[in-house]
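# Survey of secondary and tertiary structure
Chain by chain, the residues run as shown.
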Amino acid sequence: MIEASDAGEVDEALAQQVIGILELASLNADDTPQRIIALCQRALTPVGHVAAICVLPRFAGLARRTLDSLCARDIKVVAAVNFPGGLPSVSSADMEAHAAIVAGADEIDVVYPFHALLGGDKQVGADIVNACRVRCGNNGVLTVTLETGVLRDPQVIHGASCVAIQEGANFLKTSTGKQAVNPTAQASRILIAAIAESGAHVGLNVSGNVRTLNEARVHMDLVRARFGLRWLEQGRLRLGSTSLLDDLLVHLGVSA
Ligand SMILES: O=C[C@H](O)COP(=O)(O)O
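What comes next is a walk through the structure.

Definitions and cut-offs
Residues numbered from 1 in each chain as written. Predicted model: local features only at pLDDT ≥ 70, side-chain atom pairs only at ≥ 80, totals over all residues. Heavy atoms only, no water. Near = heavy atom within 4 Å. Polar contact = N/O pair within 3.5 Å; in protein donor to acceptor, adjacent residues only side chain to side chain. Areas by Shrake-Rupley, 256 points an atom, 1.4 Å probe, with all protein chains shown as cover. Nonpolar A, V, L, I, M, F, W, Y, C, P; charged D, E, K, R; others polar. Pairing = 2+ DSSP bridges. Helix = DSSP H or I, 4+ residues; strand = E, 2+ residues; numbered from the N terminus. Axes fitted to C-alpha atoms, helices over the stretch in contact; angles between N-to-C directions. 1 Å grid on protein atoms, 1.4 Å probe; cavity = no way out; pocket = protein on both sides within 12 Å on 5 of 7 lines; lining within 4 Å. Points joined across faces, edges and corners; volume = space filled by probe spheres on them. Buried < 20%, exposed > 50% of the residue type's maximum accessible area, 1.4 Å probe, protein only. Contact = heavy atoms within 4.5 Å. Right-handed = clockwise from strand over helix to strand, strands pointing away. Expected span 1.5 Å × (residues − 1). Salt bridge = Lys/Arg side-chain N within 4 Å of Asp/Glu carboxyl O.

## What to know about the site of the ligand
Surrounding the ligand, one finds A25, L27, K173, S175, T176, G177, S207, G208, N209, G240, S241 and T242. One of the backbone N or O atoms of G240 is found 3.4 Å from an oxygen atom in the ligand. Taking 300 Å² as the accessible area of the ligand by itself, protein coverage stands at 94%. In terms of residue class, the shell around the ligand is made up of two nonpolar, nine polar and one charged.

See below:
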């Protein structure tokens, strides 16, 4: 049995680990330059840098410049394109990705056209992911957000995951955070299974209203059980959230 003090130490160690795989997000229609600069400043926490920040494409350049000015080149800037609706337009997603990369984004996160898929269009999702893959080049990191809470059906989620991987995704992400359903353990299991079956070097990003260390732990345990401890690093696992950092800092004894 784990004693209370041991449990506290375990939580502290886990919180420290999560800081290193955290993708700190601000993805609101009313975001301002001031808010993005504050987000960048928060990303350099007193206990280490987060892995990445995720912003709307129009803020990618500002975020990169701000992080560079803070000597935090290691923190990646992820631009969320086709966000949050996942529209079925290849040209629009491609243009957004292009503009974000030119502005300074290190990575692209494209929302899969989930409504189109539910309407029976399987092709446009493949085309959008493929266009963004080409835009990112061979070495650019591409995340595909599936919006698992809307897709719902495990077979549909699995099918979309396979298409995303086939078209060159480097990460599968569960959710935008703008829908009613949060990422569930079942959703993570389905994405993990698709990644494992593919044998490809693809990581998992769990995002969408993940607010506490305990919520994060559920998904980390699933990843560890399937792939082992070596997966608990930012190249394989990320946790995307606007608010998880507050709880992590509390566990680490740092005021948020
Ligand atoms: O990419 C999506 C964000 O990480 C969602 O974060 P949030 O649900 O905490 O606002």
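Read on, since the account is not over.
## What to know about the sheet that holds strand β7 (residues 141–145)
With respect to topology, eight strands assemble into a closed barrel ordered β1-β4-β5-β6-β7-β8-β9-β10, the strand pairing being parallel. Across the sheet, the mean angle separating the axes of adjacent strands is 25° when strand polarity is ignored. By the bridge criterion, four bridges tie strand β5 (residues 76–81) to strand β6 (residues 107–111) in an arrangement that is parallel. Each residue of the ladder has a partner; that of A79, found in β6, is I108.

## Comments concerning the environment of D153
Of note, D153 is situated in the loop between α7 (148–151) and α8 (154–166). Sequence separation between D153 and D246 is 93 residues; the distance between their C-alpha atoms is 33 Å.

## Some details on the layout of surface pockets
Taking a probe equal in size to a water molecule and rolling it over the atoms shows the remaining empty space. The space that makes up the largest pocket amounts to roughly 250 Å³. Taken together, 21 residues line the largest pocket, and the ones lying closest to its centre are A25, L27, T176, G177 and T242. Listing elements by their share of the lining of the largest pocket, those giving two or more residues are β1 (22–26), β6 and β10 (237–241). Tallied by class, the residues present in the lining of the largest pocket amount to five nonpolar, 11 polar and five charged.

## A closer look at the environment of L44
Structurally, the position occupied by L44 is in strand β2 (residues 44–45). The exposure class of L44 is partly exposed, given its relative accessible area of 25%. The contacts of L44, once residues within four sequence positions are left out, are H49, L67, L70, A72 and I75.

## Re the pairing of β5
Burial within β5 is extensive, with five of its six residues counted as buried. A crossover connection joins strand β4 (residues 52–55) to the parallel β5 through helix α3 (residues 60–69); in handedness this β-α-β unit is right-handed. Once the chain exits β5 it traverses helix α4 (residues 90–103) before rejoining the sheet at β6, and the crossover so formed is right-handed.

## Here's the deal with α8
Taking 1.5 Å per residue as the helical rise, α8 with its 13 residues ought to reach 18 Å, and the 18 Å between its terminal C-alpha atoms agrees with that figure. Among the structural elements, α5 (114–118), α6 (123–136), β7, α7, β8 (171–173) and α9 (185–198) are those in contact with the buried residues of α8. Regarding α8, its N-cap is D153, as a side-chain oxygen of that residue lies 2.8 Å from the backbone nitrogen of Q155 further along. Positive backbone phi, at 110°, marks G168, one or two positions downstream of α8.

## Regarding unusual backbone geometry
What you tend to see is this: most non-glycine residues have negative phi, and most peptide bonds are trans. That bond from F83 to P84 is cis: its omega, -5°, falls within 30 degrees of zero. You can see P84 is positioned in the loop between β5 and α4. Even without glycine at this site, N82 takes up a positive phi of about 55°. Inspection of the secondary structure puts N82 in the loop between β5 and α4. One non-glycine residue, R152, lies in the positive phi region at around 60°. Following the sequence through the fold, R152 ends up in the loop between α7 and α8. On the accessibility criterion, R152 (64% relative accessible area) is exposed.

## A short note on the pattern of salt bridges
In this structure the tally under the stated criterion is 14 salt bridges. The residue D11 makes a salt bridge to R217 at a minimum N-O spacing of 2.9 Å. Of the two residues, D11 sits in helix α1 (residues 4–21) while R217 sits in helix α10 (residues 213–227), which places them 206 residues apart along the sequence. Two residues, E23 and R238, come together in a salt bridge whose shortest N-O distance is 3.3 Å.

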